[in-house]
Amino acid sequence: MQIENLKIFADLVETKSFSKAAKLNALTQSAVSQQARAMERHFKVLLIDRSQKQFQLTREGQRVYESAKEMLHTYDMLLSELQEMKKVISGTIRISTIYSIGLHELPPYIKRFLHDYPSVNVRIEYRRSNLVYEDILHNSVDFGLVAFPVKTRQIEALPFHNDHLVVIAHPSHPLAKRNTEIEVKDLAAQRFIGFDPDIPTRKAVDQILRDHKLEIEPVMEFDNIETVKRAVEIDHGIAIVPQATVVQEAKQGTLAVLHFKGRQFTRPLAILHRKGRVLTPGMKKFIEILGLDLPEAREN
């Protein structure tokens, strides 16, 4: 029985999916199934209850999973300590992020990190917010970046910083010609472009409108910031977006950026990692580059 076998089994249990466990370990689905059966032969017990439609462990399987996690944690701790003893900052950091943060907030930090630690590879995946949480829970990435973080028992959310929400419009739009500041009530009767309803920033925008007793039905809905901006640039409507995402368009004059008069609406950002996860020296340095203090890792 090798460490690789234990990791594959742990991934299978946590994803509850042979295909997802296979992807995490660069194997075929058949190979993962064979590994599970090999472990059952090794321990001479059934680990997976195959009489159930949904993935479910037997009592023995649960015990093997718990012990596997302990051994994997100890192994990861050993690797991390050996790297620290050798003062080695290398390896790969995998990040799952929503589009707006990955494209507009993260790049300067990544540039600085790669300059300071050129032996570390950084892999970034752009995902919807709910999938970022899934990636963290399944250990398919090391860190996640989201807006409006949700408290989850197995995930540590470290506050990153706050974005300001602003209104964007075509430069020739009547609102843009008035002033650089507007009242929330000025949004009434405007053609509005929004994010998809399940996106946290959209939910926050909807709450702002409800608080001001405005009922606005978006004329268009998109799942990422870039498409929202393009729709506003061709004057299909106005939108509320994080200010950091429209810095370039404001400089180039393709979008007018309007602030709320006497009010500031913010969007909190956070970096996520799984509780109890052993962080390599490279991961710790990445957290430092972001200017965050990492609390002591806690077991699940």
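Each value, and the rule that gives it
- Residues numbered from 1 in each chain as written.
- Predicted model: local features only at pLDDT ≥ 70, side-chain atom pairs only at ≥ 80, totals over all residues.
- Heavy atoms only, no water.
- Phe/Tyr/Trp six-rings, centres within 6.5 Å; stacked < 30°, edge-to-face > 60°.
- Buried < 20%, exposed > 50% of the residue type's maximum accessible area, 1.4 Å probe, protein only.
- Helix = DSSP H or I, 4+ residues; strand = E, 2+ residues; numbered from the N terminus.
- Expected span 1.5 Å × (residues − 1).
- Contact = heavy atoms within 4.5 Å.
- Polar contact = N/O pair within 3.5 Å; in protein donor to acceptor, adjacent residues only side chain to side chain.
- Salt bridge = Lys/Arg side-chain N within 4 Å of Asp/Glu carboxyl O.
- Core = buried A, V, L, I, M, F, W, Y, C linked by side-chain atoms within 4.5 Å.
- Axes fitted to C-alpha atoms, helices over the stretch in contact; angles between N-to-C directions.
- Parallel < 35°, antiparallel > 145°, perpendicular 65-115°, else oblique.
- Left-handed = near helix turned anticlockwise from the far one by under 90°.
- Nonpolar A, V, L, I, M, F, W, Y, C, P; charged D, E, K, R; others polar.

Caption draft 1: Layout of the packing of aromatic side chains. For the structure on display, the rule yields seven aromatic pairs. Ring centres of F260 and F265 lie 5.0 Å apart, and the angle between their planes is 85°; on these two criteria the pair is classed as edge-to-face. On the basis of relative accessible area, F265 is assigned to the buried category, the value being 10%.

Caption draft 2: The arrangement of helix α1 (residues 3–15) in detail. Helix length check: α1 (13 residues) gives 18 Å between terminal C-alpha atoms against 18 Å at 1.5 Å per residue, within 8%. Where burial is concerned, most of α1 is hidden: 10 out of the 13 residues are buried. Residues of α1 that are buried in the fold lie against α2 (18–24), α3 (29–43), α4 (59–85), α7 (129–137) and β10 (266–274). Downstream of α1 by one or two residues, K16 has phi in the positive range, about 55°.

Caption draft 3: Inspection of the environment of L114 at higher detail. In this structure, L114 sits in helix α6 (residues 107–116). Note: C-alpha distance between L114 and V228 (114 residues apart in sequence) is 30 Å. If we ignore the near neighbours within four places in the chain, the residues touching L114 are V120 and V122.

Caption draft 4: Looking closely at the environment of H170. Mapped onto the elements of the fold, H170 is located in the loop between β4 (155–169) and α8 (174–178). Since its relative accessible area comes to 21%, H170 is described here as partly exposed. As for H170 and G237, which are separated by 67 residues in sequence, their C-alpha atoms are 7.9 Å apart. With residues near it in sequence (within four places) discarded, H170 still touches A176, V232, E233, D235 and A256. Side chain to side chain, H170 and S172 meet in a polar contact 2.7 Å long.

Caption draft 5: Layout of the pattern of salt bridges. Tallied over the entire structure, the rule returns 22 salt bridges. A salt bridge links E14 to K69; the nearest nitrogen and oxygen atoms lie 2.9 Å apart. Linking E14 in helix α1 with K69 in helix α4, this pair joins segments that are 55 residues apart in sequence. Look at the salt bridges and you will find they share partners, linking E226, K229, R230, E233 and E249 into a network.

Caption draft 6: How the structure looks around the nonpolar core. By size, the foremost hydrophobic cluster in this structure holds 30 residues, and its most contacted members are I93, F143, I271 and F286. Counting residues per element, the ones that place at least two in this core are β1 (91–97), α6, α7, β3 (143–147), β4, β10 and α12 (281–289). Apart from the residues within four sequence positions on either side, I93 is in contact with F113, V120, N121, V122, R123, D142, F143, G282, M283 and F286. L47, I48, Y65 and L72 belong to the second largest nonpolar core, which has 19 residues in total.

Caption draft 7: A look at the packing of α1 against α4. α4 packs onto α1 with a crossing angle of 120° between their chain directions and a minimal axis gap of 9 Å. With respect to α4, the element α1 is oriented oblique. The element α1 and its partner α4 pack so that their crossing is left-handed. Residues I3, L6, K7, F9, A10, V13 and E14 of α1 pack against G61, V64, Y65, A68, K69, M71, L72 and Y75 of α4. Counted by class, the contact of α1 with α4 contains 11 nonpolar, one polar and three charged residues.

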